Amino acid sequence: MSQVAEVIVDVPTMQTNTPYSYLIPAALTTPLLPGMRVIVPFGNGSRKVQGFVWQVHEQVPTTHELKTIDSVMDLSPVLNKELLAMADWLAKTTFAFTITVLLTMLPNALKAAYERWATPNSDLDPASKKRLFGEQEKIELTDKLPAAQLNELMGLYRKHEISVTYEVKSKGHVKQVTMVKPAMSVAELQEAKQQLRITAVKQADLLDYLVTQTDLISQPALEKTLGITSTVIKNAAEKGWLTRFQAEVYRDPLSRAVDKTRPLHLNEAQQKAVSAICAATDDHEDTTFLLEGVTGSGKTEVYLQAIANALEKGQNALMLVPEISLTPQIVGRVRGRFGKQVAVLHSGLSAGERFDEWRRIDRGEARVVVGARSAVFAPLTNIGIIIMDEEHEASYKQDDNPRYHARDVALWRSRYHHCPVVLGSATPSLESRARAQKNRYQRLLLPTRVNQQALPEATIVDMTQELQKHAESTFSSPLMAAVNDRLAKGEQTLLMLNRRGYSSFVMCRDCGFVLKCPNCDISLTLHMDSHSMKCHYCGHEEPIPQICPNCHSHHIRYYGTGTQKVETELKQLLPTARILRMDVDTTRRKGAHERLLRQFGNHEADILLGTQMIAKGLDFPDVTLVGVLNADTALSLPDFRSSERTFQLLTQVSGRAGRAQKPGQVFIQTYNPEHYAIQLAKSQDYERFFLTEMKLRHQGNYPPYYFAVKVTASDVEERVAAAAIHQIAAQLQAGMSQSAIVLGPTPSAIARVNKRYYYQLVIKYKQEPQLSALLFNLLNQAQKNRKGLQIAIDNNPMSFM
Ligand code: ADP
Ligand code: ZN
Ligand code: ZN
């Protein structure tokens, strides 16, 4: 009896969550294991696709003939048992295909790229064959092929005179370096030195080094240390003084050294939290803790000591942080405590660095993993604690397939490993806080700042009044007075421009024409650095218009407030102040975040002006003033979470002020001074905000009282997308109970993106046992449907927009 592998195949247009059966070649005597990647034939032609072995079993009699696995890509599984089980669960709960989930779990370097090759068929005429293929058996179809050649190939392909085959190529490569070690005894090396000519200084240095060498050294490092060339080393190898060999090395994303830190003496609240968490680790209990601590209350120290405990008990730790490129400080603190045992995973790393960190984890060499959203899939075993810092952050939810929330995955892993999860925040999501209310999560409180420093004093500035007093300006007089005061005292200021749903655009004063993207339903944003208008959705770019394209008037004006414009204004108001700007434009290059923060930390600037990026995680002792330039922009968004987002953002950014000895002060500029989210952020009263907001959510039947699913249909033709969403609405409604609420169908908030039209509906429900099957049905239907139409399903969406 032969063996059969159940394989999840990667066929983009024909996805299914059902594995396909393949015979395992008899020649393969070492068993195949689940989680290994294989290449299998698929469909009728010569098509080869990648797949993951899902299960292996003895062959059972079937009516149809099975195909055989073509080749095996991995010597051992790239995904372990836990991750395979998780993929199965995640595909079901996020309405994704298993293959999408499996690929999401792998580092990019391990994701296969397909190469396409053309091969001649037997009936290809010899002249064409010689001209196109020469002596080769096949040629690669790259996008660099000259058009003439491509045309000829296309013609021949349609006449079935050539075939196209797909080959899978893995991009993951192990970095190697040449290492050097002595090949002679000390006596022999000293003897060799005696024989040298007196002028052979470099060779003498090398021999001296080899005599005393204790650690392995790479050739490049040796060349640098001794200031010698590769020729000297090559000659030495030929003389038999040393041998060279290839060794695997890791690319280290954190090459910068960090100072080692020691555990701090905990205050009472911290101690209570650490004890509760450690007890759960020690007892292997999958408790979920909600660590609610005001900004600066020392949550990070709690995390670090809980991790230390897990490590002492021989277990490993996973720590998630929002967007790691925004929080280099926190990574530094973890690395400072646990050193080389820490692996870091985030999108700022190169594919190679990520791959190396991933392998260190996979091999058990790294025992603490710190990373952003996708680090929740780190192949860490024997987990003793999972931490999720700033658990309310929207970036934990992926807004593409699979649309998973890292918190749900963290909770799944905690059940799998029987270990606790700590969800930390100064402003927990309503969902998590509500679960703590019902005792499903255990609440831990850090009510005061470390060293009893008071929370910063906040002032709300009513910008409508400011406008009446003096000409339009981004800066109110009280805020400017405070900034000047800090400049005089040599203290530092953070200024935040909330850019959510807000940007600079160009409008004609005569006819009101606004320059829009030709591909999307959104106005173009003005970028002064590149002197162009850009679309933030599709990347379209065009020159800044000098005259109105509509009425040809010259009265065309810039509106809105970009960080660049604010920076210019600020420089005019404060000619002597040193200002750093932090936004997408100034942080595009690798390491730019870190550099800006380091400069600010070194007092190379007085003011850090930035977007939401500066709101999170920063801990600078000399920042005593925080100014929020426009608190309202998120409030105006038509979304059930807009108040929550506003409250969280204002509380976060206020928390950056006065974290050390000197007290902090905050100014919040707003056009809605009476709004409860702004009023309660001023007093940093999370509890009252929670109660107020819960009441509103209850009245409006919103999460966390209701579950929600968003379904989006998109197509290049508007009527196709619209017809599809109406049909979906009817289909779902027929299968659900009367208590389910359907919002829409409507065009999406941005109705056209990249030449595609988007229509959506949102379902709010309490209990719908049929819904999951109905939604999967939609997905499967959509694949069989006409090509262009796409259906996206977002379970528990972050917003309804
Ligand atoms: P949070 O994450 O809650 O905003 P942090 O963990 O950043 O707060 O702590 C704020 C500051 O207080 C940090 O500089 C930290 O080193 C310091 N800190 C934390 N715990 C203690 C402690 N027990 N004793 C002294 N300093 C502490
Ligand atoms: Zn666009
Ligand atoms: Zn005009």
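Residues numbered from 1 in each chain as written. Chains lettered and ligands numbered in written order. Predicted model: local features only at pLDDT ≥ 70, side-chain atom pairs only at ≥ 80, totals over all residues. Heavy atoms only, no water.

**Student:** Explain the environment of Gly601 to me, please; I cannot follow it from the model alone.
**Tutor:** For Gly601, the position within the fold is in helix H18 (residues 592-601). By relative accessible area, Gly601 is classed as partly exposed at 37%. Sequence separation between Gly601 and Gln492 is 109 residues, and the spatial gap between their C-alpha atoms is 9.6 Å. (Helix = DSSP H or I, 4+ residues; strand = E, 2+ residues; numbered from the N terminus. Buried < 20%, exposed > 50% of the residue type's maximum accessible area, 1.4 Å probe, protein only.)

**Student:** It is not clear to me how the UniProt feature "binding site: Zn(2+) 2" (unreviewed entry) in the protein should be interpreted in this structure. Could you clarify?
**Tutor:** UniProt tags Cys517, Cys520, Cys535 and Cys538 as "binding site: Zn(2+) 2" (unreviewed entry). For the annotated residues, spread through 22 residues, the largest C-alpha to C-alpha distance comes to 8.7 Å, consistent with a single compact locus. Inspection of the secondary structure puts Cys520 in the loop between strand S22 (505-508) and strand S23 (525-527). On the accessibility criterion, Cys520 (1% relative accessible area) is buried. Here Cys538 lies in the loop between strand S24 (532-534) and strand S25 (541-543). When neighbours within four sequence positions are excluded, Cys538 is seen to be in contact with Cys517, Asn519, Cys520 and Asn754. (UniProt positions renumbered as here; feature names shortened; annotations may be inferred. Contact = heavy atoms within 4.5 Å.)

**Student:** I would appreciate a short explanation of helix H10 (residues 299-312) in the present structure.
**Tutor:** Helical periodicity: at 3.6 residues per turn, an α-helix aligns residues three or four positions apart in one direction. Helix length check: H10 (14 residues) gives 20 Å between terminal C-alpha atoms against 20 Å at 1.5 Å per residue, within 8%. Counting buried positions over the 14 residues of H10 gives 12, a clear majority of the element. By the burial criterion, the buried members of H10 are Lys299, Thr300, Glu301, Val302, Tyr303, Leu304, Gln305, Ala306, Ile307, Asn309, Ala310 and Leu311. At the exit of H10 stands Gly314, carrying a positive phi of roughly 80°. (Expected span 1.5 Å × (residues − 1).)

**Student:** Whenever I open this one, the pairing of strand S3 (residues 37-41) confuses me. Can you help?
**Tutor:** Each regular strand carries side chains that alternate between the two faces of the sheet. The element S3 is largely enclosed, with a buried count of 5 among its 5 residues. The pairing of S3 with strand S4 (residues 48-58) spans 5 bridges and is classified as antiparallel. Bridged to Val38 within S4 is Gly51. Connecting S3 to the antiparallel partner S4 that follows it, the hairpin turn spans 6 residues, and Gly43 within it adopts a positive phi of roughly 75°. (Pairing = 2+ DSSP bridges.)

**Student:** Can you help me understand unusual backbone geometry in this one?
**Tutor:** Of all residues except glycine, most have a negative phi; of all peptide bonds, most are trans. For the peptide bond that leads from Asn401 to Pro402, omega is -10°, which places it in the cis range. Along the chain, Pro402 falls in the loop between strand S17 (383-388) and helix H13 (406-417). In the segment running from Gly744 into Pro745, the intervening peptide bond is cis, with an omega of 5°. With respect to the secondary-structure elements, Pro745 resides in strand S32 (residues 741-753). Phi is positive for Asn701, close to 55°, though the residue is something other than glycine. Take Asn701: it is sitting in the loop between helix H21 (686-699) and strand S31 (707-715). Overall, Asn701 belongs to the partly exposed group, its relative accessible area being 26%.

**Student:** Help me out: how do you make sense of the packing of helix H19 (residues 642-654) against H21 in this one?
**Tutor:** Each pair of packed helices can be summarised by the angle the axes make with each other and by the distance between the axes. Where H19 meets H21, the axes come as close as 11 Å, and the angle between the chain directions of the two elements is 170°. When the axis of H19 is compared with that of H21, the two are roughly antiparallel. For the pair H19 and H21, the contacting residues are Ser643, Glu644 and Phe647 in the first and Tyr686, Phe689, Glu693 and Arg697 in the second. Among the residues making up the contact of H19 with H21, the classes are represented as 3 nonpolar, 1 polar and 3 charged. (Axes fitted to C-alpha atoms, helices over the stretch in contact; angles between N-to-C directions. Parallel < 35°, antiparallel > 145°, perpendicular 65-115°, else oblique. Nonpolar A, V, L, I, M, F, W, Y, C, P; charged D, E, K, R; others polar.)

**Student:** Explanation requested: the packing of H10 against helix H11 (residues 328-338) in the structure shown.
**Tutor:** It is the contact of H10 with H11, at a shortest axis distance of 11 Å, that shows an interaxial angle of 35°. Taken as a pair, H10 and H11 cross one another with a handedness that is right-handed. Contacts between H10 and H11 involve Thr300, Glu301, Leu304, Gln305, Ile307, Ala308 and Leu311 from the first element and Ile330, Arg333, Val334, Arg337 and Phe338 from the second. Taken together, the residues that form the contact of H10 with H11 break down as 7 nonpolar, 2 polar and 3 charged. (Left-handed = near helix turned anticlockwise from the far one by under 90°.)

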